[in-house]
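So the chains spell out like this:
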Amino acid sequence: MVDLSSALESFRRSRIPEDTPQHRYAEEALARNKRQGMDLAVKARIAALSITGLLLIYLNSSWDVLWYLFLLFCLAMLGVWQRRVGRVGQSRAELALLFADLLLLTVALLVPNPLQRELAPTALIYQYDVFQYFYVILAAGVLSYSWRTIIAIGNWTLMLWMLGAACVWWFGWSDPRISDAASQMQSYAPDIGLVADPNLVHWDLRIQEVVVFFLVSAILAVVVRRYQALVLDSAEMARERTNLSRYFSPTMVEELSHKDEPLGQIRSHDAAILFVDIVGFTAYADGRPPQEVIETLRAFHARMESEVFAHGGTLDKYLGDGLMATFGTPLPLADDAARSVACVQAMVNRMEAWNAVRRAEGLIEIDARFGLHFGPVVLGDIGANRLEFAVLGDSVNVASRLEAMTRALDVRAIVSDAAMIAAGRPEGLLKAPDQQVRGVAAPLAVWVVD
């Protein structure tokens, strides 16, 4: 299992809202698992009870078997009802039905069959080892993925079975003649005589049954509890990967998921920095319904974000009506610059296509501008109590200023010569006069998309 928790700790702390309930997503996953498990438990119960019913018909072909078939049908219906009320966590209705389940099984096993004509000692039922049917209920309880259910089965089975034994001992019918015959055997085989007496409850065996059952249920409860913890951890990791996929490309998420080094470790290397902004969006939003403004922003961000990810970039942050993306963070690749230039070109084409649709619909076009630079950056966590993974350095400032210069040059995108050289000078961009960029001593060679 890949350990994302250590490699992505700083990312998780900076990206997850503080008011997000702990394990909320994991509990939703556990709820889905329990619903699926209870569906499987109902199917397993019906299958087990059906097989039991066929076995009873095979062993007893008389009409009195109808009593047991009726009880098996009631047990099956109780299982279906439990599925309807079952949920993650404590459920009184579910526990009440579970208790009724075990009570019905106890009655079915210990109460004499009213359709049976021949009268036999009540305790004779113990000679058939009927307690093993409780393990069917226990197995179905395990499929519900609830440790509370399993503990309840263990406790209530212990209580009901011992209470049933007491009722058989106190109220059950017995035949003294059988006991007399058994006592005569004790003179030469005392152990056999005691075992052969069907009037005896055999308390030692009854206690052994429930103790073993309780131990098994306790062990299974621990196993299911550990399984729940694994489900929670797995769901948390899946959520972390989902959160990562909102900022990193899928290939980068896959790469990060196999890394054990902390994401926030301070380091420096070359990367491509891309700034995107909408010109005049404040004026566009003025006087328009808030819903229309937000929907326009969402549509714009969705198109730009998809291009960033399609070209293996990282979405660093949204900047109101713009965004900042990087190529080469958190891990550098040889073709970072080439992918960044291709991304700018794809974004320009994407905006042209979108604006064509907006014109056809009578809507105002969205004027997006782009600035791209390639150079050294510093990566690491910033902040005190709340950490954020940040990309810093002069290269970030240059990219931002290149994007701002698109207004003065009246072009859609400006790409620094450093990015073009690193990208292998791809086609599709025009060489522009060198530009003086604030913070850069010498004029900067740039390329443009007009």
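Above: the structure in question.
Residues numbered from 1 in each chain as written. Predicted model: local features only at pLDDT ≥ 70, side-chain atom pairs only at ≥ 80, totals over all residues. Heavy atoms only, no water.

A count of helices and strands for the protein chain gives 16 helices and 8 strands. Here the protein chain holds 450 residues, and 44% of them are scored as buried. Sequence separation of 24 or more characterises 73% of the internal contacts of the protein chain that already satisfy a separation of 6 or more. (Helix = DSSP H or I, 4+ residues; strand = E, 2+ residues; numbered from the N terminus. Buried < 20%, exposed > 50% of the residue type's maximum accessible area, 1.4 Å probe, protein only. Contact = heavy atoms within 4.5 Å.)

On to the pairing of strand β8 (residues 444-449), then. Within β8, 6 of the 6 residues are buried, which leaves the element mostly enclosed by the surrounding structure. Here β8 shows no split at all, with L444, V446 and V448 on one side and A445, W447 and V449 on the other all buried. Across 4 bridges, the pairing between strand β6 (residues 413-416) and β8 is antiparallel. Across the sheet, residue I414 finds its bridge partner in β8, namely V448. Note: strand β7 (residues 430-435) against β8, 4 bridges, orientation antiparallel. Its bridge partner being in β8, A432 is matched across the sheet by V446. (Pairing = 2+ DSSP bridges.)

On to helix α5 (residues 92-110). When the terminal C-alpha atoms of α5 are compared, their 27 Å separation across 19 residues agrees well with the 27 Å that a helix rising 1.5 Å per residue should span. Every buried residue of α5 is accounted for by E94, L97, L98, D101, L102, L104, L105, T106, A108, L109 and L110. (Expected span 1.5 Å × (residues − 1).)

To continue, consider the nonpolar core. Grouped together as the largest cluster of nonpolar side chains are 37 residues, with contacts concentrated most on L274, F300 and F370. Among the elements that make up this core, the one with the highest residue count is helix α14 (residues 336-360) (8 residues). L71, L102, A108 and V210 belong to the second-largest nonpolar core, a separate cluster that totals 35 residues. (Core = buried A, V, L, I, M, F, W, Y, C linked by side-chain atoms within 4.5 Å.)

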